[in-house]
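Residues per chain, in single letters:
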Amino acid sequence: MTAAAATFLPLTPTPAPRTRLPISRHRPPPICASAADTPPTDAESDEEEAPRNGRKDRRRVVRIAWEKLVRWSRSWRRRNRSDVLQTTRKVVVLGGGSFGTAMAAQVAAKKADLEVSMLLRDDLVCRSINHHHVNCKYLSQYRLPENVVATTSASDALAGADFCFHAVPVQFSSSFLESISTHVDPKLPFISLSKGPSFAVEMMDKLPTAMVVASKDKKLASAVQQLLASSNLRISTSSDVTGVEIAGALKNVLAIAAGIVEGMHLGNNCMAALVAQGCSEIRWLATKMGAKPTTLAGLSGSGDIMLTCFVNLSRNRNVGLRLGSGEKLDEILNSMNQVAEGVSTAGAVIALAQKYNVKLPVLTAVARIIDNELTPKRAVMELMNLPQVEEV
């Protein structure tokens, strides 16, 4: 029975012996492997090294260029050492406004035994400078060097002077110079302080500043450069007196225009267009009068224009801003204790333009506004409606 029963049971196959697969000792790469997970090839390593080498080369070039500049500077100073400061005993400054005061302080700080005499009209300011070493009317927050003195006597101020710095506003210059002419040594060098770009308050704070000294006499220009230059004041020289003077006068008129645009809230596009047009007008007139284009692109040109047109410390810009805001010119001028020279210069500029047959739309519009013959709004409309012409 046991055997019969056994014949009806399913046959169970004998299991085959298991074959062992070899075990890999390296993990397979992940399914989402990126290029970064794979070892770089030699070519890829070279590509990664190239930018690093490029940066090193670039830094080396910059370092070498800077070292050459420093060596040139030291060599130039050795070759151009001057005894101007050592031989100068007295400097006179005509005028006691902000810039005259700042320049007196700048020169006086160069040498303690250098006498800097300020010729003023105001007895009160003279006493303030002599007794307290402070100009009580302008820049009164700053103490002046003790070797700065003040007087109302032209003969006392000018006696024995080696250099004379003229800081009287342009509209008063003629009458002022006539009044002191009998006390002036014909050989005394006169330096006009009407060219920038520079603000008096920043000079008093000893912030980095640059100015231009222009003269046909290169030896005199160099002497003034050595007298004024310091660690915070760079002085460049130029022989283009016409370019420096014309740019210095016309930028004040352009600054009034820039202020008008700001006061009327006409936007940045308008400001850029106006100043660019004004720069062209200054170039047209100045070059007709014999100025060098390079002067107009330098400190006394573009540099002074940028400073005077765009910075709140500019008196001419502030006059324009208030005109653009609707104030009357008389009210503006009566509220100021300093002179905005562009107001009196505008008419003279237009006379020059007629003499040299040059069209100055922006500067002429400013003169018309100052003469109360045109409103700022009307001036903008008329300027925008001028013929569309090729830029020159």
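Small disclaimer: the values here were computed from a predicted structure and weren't measured.

Q: Sorry if this is basic, but what is going on with the overall build of the chain here?
A: Helix and strand counts for the chain come out as 18 helices and seven strands. Per-residue burial over the chain gives 39% buried out of 392 residues. Contacts in the chain between residues at least 24 apart in sequence constitute 72% of all its contacts with a sequence separation of at least 6. When the accessible surface of the chain is totalled, it reaches about 24300 Å², and 55% of it is carbon and sulfur.

Q: Teacher, can you tell me more about the side chain of Thr151 here?
A: With respect to the secondary-structure elements, Thr151 resides in strand E3 (residues 148–151). Relative accessible area serves as the criterion here: at 16%, Thr151 is assigned to the buried category. Only 3.0 Å separates the side chain of Thr151 from the backbone nitrogen of Ser153, close enough to count as a polar contact. Look past the residues within four positions of Thr151 in its chain and what remains in contact with it is Ser117, Met118, Leu119, Leu120, Cys126, Asp156 and Ala157.

Q: How should the nonpolar core be read in this particular structure?
A: Nonpolar side chains tend toward joint burial in soluble globular proteins. Of all hydrophobic cores here, the largest spans 42 residues; its most connected members are Leu254, Leu274, Leu323, Val349 and Leu363. Sorting the residues of this core by element identifies helix H10 (241–263), helix H11 (267–288), helix H13 (299–310), helix H14 (315–324), helix H15 (329–334), helix H16 (341–355) and helix H17 (361–370) as the ones contributing at least two each. At eleven residues, the largest contribution of residues to this core is made by H10. The residues touching Leu323, leaving out its near neighbours within four places in the chain, are Ile256, Ile260, Leu329, Ile332, Ile369 and Pro376. Counting 40 residues, the second largest nonpolar core, distinct from the first, contains Val107, Tyr142, Leu193 and Met211.

Q: Whenever I open this one, H17 confuses me. Can you help?
A: An α-helix turns once every 3.6 residues. As a result, residues three or four positions apart point the same way. Within H17, seven of the ten residues are buried, which leaves the element mostly enclosed by the surrounding structure. Listed in full, the buried residues belonging to H17 are Val362, Leu363, Ala365, Val366, Ala367, Ile369 and Ile370. Looking at the buried residues of H17, the elements they touch are H10, H11, H14, H15, H16 and helix H18 (376–384). Where H17 terminates, the next one or two residues include Asn372, which has phi positive at roughly 60°.

Q: Looking at this structure, how should I read a positive patch on the surface?
A: Together, Arg74, Arg78, Arg79 and Arg81 line one region of the surface with positive charge. Checked against the element boundaries, Arg79 lands in helix H2 (residues 42–79). Relative accessible area serves as the criterion here: at 56%, Arg79 is assigned to the exposed category.

Q: Even after reading the chapter, I still don't get the sheet that holds strand E4 (residues 163–166), so can you show me in this structure?
A: Sheet strands associate in pairs through backbone hydrogen bonding, adopting either a parallel or an antiparallel arrangement. Read across the open sheet, the five strands follow the order E3-E2-E1-E4-E5; overall the sheet is parallel. The open sheet has two edge strands with one neighbour each: E3 and strand E5 (190–192). Going from strand to strand, the sheet's axes swing by 25° on average, the running direction of each strand aside. Both E4 and E5 contribute to a ladder of three bridges, which runs parallel.

Q: Is there a simple way to explain the layout of surface pockets in this structure?
A: Taking a probe equal in size to a water molecule and rolling it over the atoms shows the remaining empty space. Of the volumes computed, that of the second largest pocket is approximately 1100 Å³. Along the walls of the second largest pocket sit 35 residues, with Gln277, Pro361, Val362, Leu383 and Leu386 positioned nearest its centre. At the level of elements, H10, H11, H16, H17 and H18 are the ones that each hand at least two residues to the lining of the second largest pocket. With seven residues, H11 is the largest single contributor of residues to the lining of the second largest pocket. Taken together, the residues of the lining of the second largest pocket break down into 26 nonpolar, six polar and three charged.

Q: What's the story with a nonpolar patch on the surface in this structure? I'm lost.
A: On the surface, Trp66, Leu69, Trp72 and Trp76 cluster together into a nonpolar patch covering about 490 Å² of accessible area. Of note, Leu69 is situated in helix H2. The exposure class assigned to Leu69 is partly exposed, which follows from its relative accessible area of 43%.

Conventions adopted
Residues numbered from 1 in each chain as written. Predicted model: local features only at pLDDT ≥ 70, side-chain atom pairs only at ≥ 80, totals over all residues. Heavy atoms only, no water. Helix = DSSP H or I, 4+ residues; strand = E, 2+ residues; numbered from the N terminus. Buried < 20%, exposed > 50% of the residue type's maximum accessible area, 1.4 Å probe, protein only. Contact = heavy atoms within 4.5 Å. Areas by Shrake-Rupley, 256 points an atom, 1.4 Å probe, with all protein chains shown as cover. Polar contact = N/O pair within 3.5 Å; in protein donor to acceptor, adjacent residues only side chain to side chain. Core = buried A, V, L, I, M, F, W, Y, C linked by side-chain atoms within 4.5 Å. Patch = residues over 30% accessible without salt bridge, like charges linked within 9 Å, V, L, I, M, F, W, Y side chains within 5 Å. Salt bridge = Lys/Arg side-chain N within 4 Å of Asp/Glu carboxyl O. Lys, Arg positive; Asp, Glu negative; His and termini not counted. Charge placed at Lys NZ, Arg CZ, Asp CG, Glu CD. Pairing = 2+ DSSP bridges. Axes fitted to C-alpha atoms, helices over the stretch in contact; angles between N-to-C directions. 1 Å grid on protein atoms, 1.4 Å probe; cavity = no way out; pocket = protein on both sides within 12 Å on 5 of 7 lines; lining within 4 Å. Points joined across faces, edges and corners; volume = space filled by probe spheres on them. Nonpolar A, V, L, I, M, F, W, Y, C, P; charged D, E, K, R; others polar.

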